[in-house]
Number of protein chains: 2
Amino acid sequence: MRLKFLGTGAAGGIPLWGCACSVCSRARIDVSYSRRPNCAVVDAGGTRLLLDAGVMDLAERFPSGTLSAILITHFHADHVQGLLHLRWGMGDINVYAPHDTEGCADLYKNHGPLKFNHVSKFEIFNVGDIFITPVPLVHSKPTLGFCIEYKGARLAYLTDTREIPPSTAAFLTEWKPHTICLDCTYPPGTEGSRNHFDLPEAIEISKDYPDSNFVLMHIGHSLDEWLMSHPATVPSRMVVGQDNESIDCPETE
Amino acid sequence: MRLKFLGTGAAGGIPLWGCACSVCSRARIDVSYSRRPNCAVVDAGGTRLLLDAGVMDLAERFPSGTLSAILITHFHADHVQGLLHLRWGMGDINVYAPHDTEGCADLYKNHGPLKFNHVSKFEIFNVGDIFITPVPLVHSKPTLGFCIEYKGARLAYLTDTREIPPSTAAFLTEWKPHTICLDCTYPPGTEGSRNHFDLPEAIEISKDYPDSNFVLMHIGHSLDEWLMSHPATVPSRMVVGQDNESIDCPETE
């Protein structure tokens, strides 16, 4: 099972429009440092899942029929804005998303080919031979993480959360994922009420799952700037995700 | 004064995702036939206005500081979806838009650098040396057309409407624009209640303004398909707009 990041950035991505910080300036010169809004594609056994839809060129990236389904963690615009265009198309595609009466803009009203399926925490569903367990997260919108399994390959995709709730933590401890992709938006010392983890929190969480590798994602420009002057500050089991990078999870069955 | 179309398409653009009609298939082979969601940029006297924001790559097209202001005709997603990304940036840019308590998604709440100014029908405002008269249109959201003037060059941008209301018609008759860019989404014979003009309606409207050139825009794939088999069906003063095409309005002062 392979996950490929289409984006690893926070809401505005990198470079942020109009931002002159060193990280945003660097990304304007060298596109390999840019980060699109956080989303990914998972491939296994001929099934292809899109995880979140924050990139704006989905129609060009994925001609109709090339995606098996779309999984939406929550309805903030940076996770669904790519659907606003796609929904004027033809055909049928299943979109699995948390229960959220509001959705985003008029997506529910004018859904076009998008068939929204509201899924609940810990109620397993499958797309082809991939099995997905939604797990609760804590954010300013109803938000789910997705624990994704194919023939024993296990990957948890946990974005946009300020907490791993006890029931999710208990599930992960039992489930033992090979890789946990984890929200890590901010550098150490970010004050104020937050809806995302900072780096010390992400490192602390990783200690609870000693058998898992960690990939940090939903990276804000202030964290990238901090990492420029603090290289080698993440544990050996942890990497900072990059756009277009792939992660392989070995099948065990 | 020059207007350049960034997009001349209806909500989903052309090709529509998953559509196998001859027009959408042609546009997949030859991108010059594609249409992005309707929007345009106007340049005059060092001022640059963006008219609607339906294209998704505004940050790449317009680095911060290169737009003087953004004019929004209404808050349907295909006219504002590009703002969802832009608003996470830095700085300040004026956005002129109709009074609409709802807006789109959380644009008002998290507006970032976008400074929304709600404008009213027939209340002239200016950006640099360009003067804009908003005119009422009739759509399923509060919608304004924009009558744009620079040193006697006059252009009316009237998209997303099913009617030219009497007050707008009277204004246009008096104002005598050089060019009217007009919503024309559907081919002849399109049944049902509509929020956009079809081709016979657009041609009929053009007769009321004999001194103006007409550029049809917000073109749906069914109109393009009809035009493939009915070439030369528009009057000589009328053209069907194309993406990336420019229109020059002569200054007279």
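This write-up is about the structure you can find in this document.

Examining the pattern of salt bridges
All names here are of chain A. Counted by the stated rule, this structure contains 25 salt bridges over all chains. The residue Lys 141 makes a salt bridge to Glu 102 at a minimum N-O spacing of 2.7 Å. Note that Lys 141 is positioned in the loop between strand S8 (130-136) and strand S9 (144-150) and Glu 102 in the loop between strand S5 (93-98) and strand S6 (114-119), a separation of 39 residues in sequence. Judged by relative accessible area, which is 12%, Lys 141 ranks as buried.

Here we look at the interface of chain A and chain B
On the chain B side, the residues contacting the 28 residues of chain A number 28 residues. Considering only the surface of chain A that becomes buried against chain B, Trp 17, Met 56 and Met 90 of chain A emerge as the three largest contributors, covering 33% of it. We note a salt bridge from Glu 60 of chain A to Arg 36 of chain B, for which the minimum N-O separation is 4.0 Å. Scanning the region where chain A abuts chain B turns up 4 residue pairs in polar contact (both at pLDDT 80 or more). Listed by contribution, the elements that provide at least two residues to the side of chain A that touches chain B are helix H2 (58-61) and helix H4 (83-86) of chain A. No other element matches the 3 residues that H4 of chain A contributes to the side of chain A that touches chain B. Considering only residue class, the side of chain A that touches chain B consists of 17 nonpolar, 7 polar and 4 charged.

Here we look at unusual backbone geometry
Here the residue pair Ile 14 of chain A and Pro 15 of chain A is connected by a cis peptide bond, since its omega of 0 degrees sits within 30 degrees of zero. With respect to the element layout, Pro 15 of chain A can be found in the loop between strand S1 (2-7) and helix H1 (22-29). Not every positive phi belongs to a glycine, and Ala 105 of chain A is a case in point at roughly 50 degrees. Relative to the elements of secondary structure, Ala 105 of chain A occurs in the loop between S5 and S6. Ala 105 of chain A sits in the partly exposed class, given a relative accessible area of 33%. For His 218 of chain B, which is not glycine, the phi dihedral falls at a positive 60 degrees. Relative to the helices and strands, His 218 of chain B resides in the loop between strand S12 (213-217) and helix H7 (221-229). Accessibility expressed as a relative area gives 2% for His 218 of chain B, which makes it buried.

Topic: the sheet that holds S6 of chain A
Sheet strands line up and pair through hydrogen bonds in the backbone, either parallel or antiparallel. Residues and elements named next belong to chain A. Pairing in this open sheet of 7 strands is mixed, and the strands run S6-S5-S4-S3-S2-S1-S14 from one edge to the other. Edge positions in the open sheet fall to S6 and strand S14 (246-248), since each of these has one partner strand only. The sheet shows a mean angle of 20 degrees between the axes of neighbouring strands, taken without regard to direction. The sheet contact formed by strand S2 (residues 39-44) and strand S3 (residues 47-51) spans 5 bridges and is antiparallel. Note on S3: the bridge partner recorded for Ala 44 is Thr 47.

Section: the relation of the copies chain A and chain B
For these two chains of identical sequence, chain A goes onto chain B by a turn of 180 degrees and a shift of 0.0 Å along the axis, with RMSD 0.0 Å. Viewed as a symmetry operation, the transformation between the two copies matches a two-fold axis. In terms of C-alpha distance to the rotation axis, chain A has Ala 105 of chain A as its closest residue, with the C-alpha 2.2 Å off the axis. With an isologous cut-off of 70% or more, the 100% of interface residues of chain A that recur at the interface of chain B puts this contact in the isologous class.

Definitions and cut-offs
Residues numbered from 1 in each chain as written. Chains lettered and ligands numbered in written order. Predicted model: local features only at pLDDT ≥ 70, side-chain atom pairs only at ≥ 80, totals over all residues. Heavy atoms only, no water. Salt bridge = Lys/Arg side-chain N within 4 Å of Asp/Glu carboxyl O. Helix = DSSP H or I, 4+ residues; strand = E, 2+ residues; numbered from the N terminus. Buried < 20%, exposed > 50% of the residue type's maximum accessible area, 1.4 Å probe, protein only. Contact = heavy atoms within 4.5 Å. Buried area = accessible area lost by both parts, 1.4 Å probe. Polar contact = N/O pair within 3.5 Å; in protein donor to acceptor, adjacent residues only side chain to side chain. Nonpolar A, V, L, I, M, F, W, Y, C, P; charged D, E, K, R; others polar. Pairing = 2+ DSSP bridges. Axes fitted to C-alpha atoms, helices over the stretch in contact; angles between N-to-C directions. Least-squares fit on C-alpha atoms with pLDDT ≥ 70 in both.

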